[in-house]
Structures are given as C-alpha cells and as structure tokens.
Amino acid sequence: MKFRRLGKTELNVSVIGIGTWQFGGEWGLQFTQDEVDAILDKGQELGINLIDTAECYGDHLSESFIGNYISRRKREDWIIATKFGHHFHERFTRTDMYGAKDVLVQLDASLKALQTDYIDLYQFHSGPDAAFDSDELWTMLDKQKQAGKIRHLGTSIGSNDNLHQTEASTKVNSEVIQVVYNRLDRVPEQRVFPSCERQDLGVLARVPLASGYLSGKYKPGAVFDTTDVRHRHDPENTRRKLEEVEQIARNEVPEGVNMAQWALAWCLRHPAVTAVIPGCKNPAQVESNASAAQLVTE
C-alpha cells in the first residue's frame, strides 16, 4: 500500500480507501456484520486505513456496521470519514437536514453508531450552496472540533464542478474535498482540482469506477435489480457509458492489466488526488482494489 498526506489535515491516508455506501443496502445486496468484518479485516491486512461512510447509507446503518467492527479492533488503526446533511427514510428516499441544530443531532447519532468519541473527517454532504453558506452551521461545527468530537472538516460536493464550495473551503475551515472523478467524468480537472491545489486541500475521489461501469464486468444492455441504485440511471446514458468503457478497454488499458485496477490508478495519477474510495462487495474486491496501488507511481 502507498500513503499520501491528506492536504493540510496532515493525516497520512492509504491511496486506496473503502467506500461503504453499499452497506446501507442500496447496491443490490444486504450485508451481515460478518460480511462487513471480513471486508474491513481484508482492507487492514492490505494496508488500507481509510473508511468513508455517511449518515444516510441506511439510517446510520453503514456507520453501525463499521462501529460494531471498530469496537472490537484498535480505533487508532483507522481514519474514519463520515458525512452530514440527510435523513434516510427508506431505500433511495432522503430529506435534507443542514440546519446547525439538526446537524448536531446527526453528529451525535453518528458518533453513537460508530461507537467512537471522535470522527476523523466530518463532511458536508452534497448540499446546496445556500445551506453551505450558513455561518451558524460552520460555527457550530468549529465548536464541535474544539470539543474533540471532530478532528477535521471536509466538503463532499454534489456537483463535481462546484467551484463555490471548493473556493470557500479555507474560509469555513474545510480541509478536504470529496468529488466524483473517474475516467468517464473528468470535469473536476478544469476548475475544482486547481482550486484544491491552491488551497492545499486533500482530495478524495469518489465513484472512481464510475458506479462499477469501469470494472469491466458489464456490457451495453446490462440490467440492474430494483434494489440497486444503478437501476435509476438513465438507460440510454448507461448504454453509452458502457460502450465507451469497451473502447477504453481496447485502446487504453494495457494488455494483461485488470481494468478496475487500471481505472483506480488512473485517478491517482492526477497530482491533486490524494486517495480513491471505491465501494466493494466482498474481500476479493477489496484485494483487487488494493492491488491498484502497485500501479501508482509517485
């Protein structure tokens, strides 16, 4: 495993993290605690130290799986990133909750679910600019940092061209930007990444496998179950993406190289990107993801 400094946080994170949206049950599978344990144990064995989750991956369900695991391991071995701003009601249904008082309730609920006294990285979760621009919100979060509940603040931007929230990071003491970035979606290269580099912000690239389309497992015409968030994607757009993936596999991925590993390493080649946080459904996928670090040149 390779490690990089997460911007001005000075946290030393593995370049491959573990994304955990799938633990909330919206990617076609329901997980058990034993299955989550096996995934996280494999990650630790391979040198991964970064877990990214959120309050609305289930109703704190993903966090609860992680918390149960962490309670039986060494907390200091992991850098835990979670998020705030939504309340989960049922699969694919959430309401926004970005008010300072609401977020404080969410923070305490996340700490309880994660069975920890502190969150390493607490991220504003894909919210509108009007909610982001609340001085009351960031003042409250700063007080929670002073109280020791939060080590660092970050922003998971909803639009991967959200320059407003990226540019305001230093002002609100947000030290990390999480953004959609992959071989099929290079928008952040234009404005967001230069801003991150100017401010010395850490960058977490989410959806680095383009919702699994860059895994090489799916062909044009693939159909996803109604319990899988990908069934909500526009079918024509999905077909075009998968056709592009076939072209990339033929023309860009070196012979003998696993496409998913290549796609993760492709993201990490950009100097602004600190780490990628792909999801995974089993220990074998964790191992495949982690091996992408071998393709990364510093």
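Refer to the structure above for everything that follows.
Since the model is a prediction, treat every value here as computed from it, not as a measurement.

(A) Quick peek at the overall build of the chain. Of regular secondary structure, the chain possesses eleven helices and twelve strands. For the chain, the C-alpha radius of gyration of 18 Å lies close to 19 Å, the compact-globule estimate for 298 residues. Dimensions along the principal axes, computed over C-alpha positions, put the chain at roughly 50 × 40 × 35 Å. Classification of the 298 residues of the chain by burial places 56% in the buried group. Looking at the chain alone, contacts between residues at least 24 apart form 74% of all its contacts between residues at least 6 apart. Accessible surface, the chain: about 12,600 Å² in total, of which carbon and sulfur atoms supply 48%.

(B) View of the pattern of salt bridges. Under the counting rule described, the total for this entry stands at 19 salt bridges. We note a salt bridge from Arg183 to Glu244, for which the minimum N-O separation is 4.0 Å. Placement of Arg183 in the loop between strand 10 (174-180) and helix 8 (192-199) and of Glu244 in helix 9 (residues 235-251) is noted, with a sequence separation of 61 residues between them. What makes Arg183 buried here is its relative accessible area of 14%. Of the charged contacts in the structure, one is a salt bridge between Glu189 and Arg186, with a shortest N-O distance of 3.2 Å. Look at Arg186 and you get partly exposed, because its relative accessible area is 35%. Counted as one network, the salt bridges with shared partners bring together Glu236, Arg239, Arg240 and Glu243.

(C) A look at the sheet that holds strand 9 (residues 150-156). If you walk across this open sheet you meet the eight strands as 3-4-5-8-9-10-11-12, and the pairing is parallel. One side of each edge strand has no neighbouring strand; the edge strands of this open sheet are strand 3 (18-19) and strand 12 (275-276). Pairing of strand 11 (residues 202-206) with strand 12 involves two bridges; the strand directions are parallel. Looking at strand 12, one finds that Ala205 is bridged to Val276.

(D) The side chain of Thr238, seen in detail. Inspection of the secondary structure puts Thr238 in helix 9. Here Thr238 falls in the buried class, since its relative accessible area comes to 8%. Those residues in contact with Thr238 that lie beyond four places of it in its chain are Tyr213 and His233.

(E) Inspection of the packing of helix 2 (residues 61-70) against helix 3 (residues 100-114) at higher detail. Packing of helix 2 against helix 3 leaves a shortest axis separation of 6 Å and a crossing angle of 40°. Overall, the two elements helix 2 and helix 3 adopt an arrangement that is oblique. Together, Glu63, Ser64, Ile66 and Gly67 of helix 2 and Ser110, Ala113 and Leu114 of helix 3 make up the contact between the two elements. Of the residues belonging to the contact of helix 2 with helix 3, the class tally is three nonpolar, three polar and one charged.

Rules and cut-offs
- Residues numbered from 1 in each chain as written.
- Predicted model: local features only at pLDDT ≥ 70, side-chain atom pairs only at ≥ 80, totals over all residues.
- Heavy atoms only, no water.
- Helix = DSSP H or I, 4+ residues; strand = E, 2+ residues; numbered from the N terminus.
- Rg over C-alpha atoms; globule rule 2.2 N^0.38 Å.
- Buried < 20%, exposed > 50% of the residue type's maximum accessible area, 1.4 Å probe, protein only.
- Contact = heavy atoms within 4.5 Å.
- Areas by Shrake-Rupley, 256 points an atom, 1.4 Å probe, with all protein chains shown as cover.
- Salt bridge = Lys/Arg side-chain N within 4 Å of Asp/Glu carboxyl O.
- Pairing = 2+ DSSP bridges.
- Axes fitted to C-alpha atoms, helices over the stretch in contact; angles between N-to-C directions.
- Parallel < 35°, antiparallel > 145°, perpendicular 65-115°, else oblique.
- Nonpolar A, V, L, I, M, F, W, Y, C, P; charged D, E, K, R; others polar.

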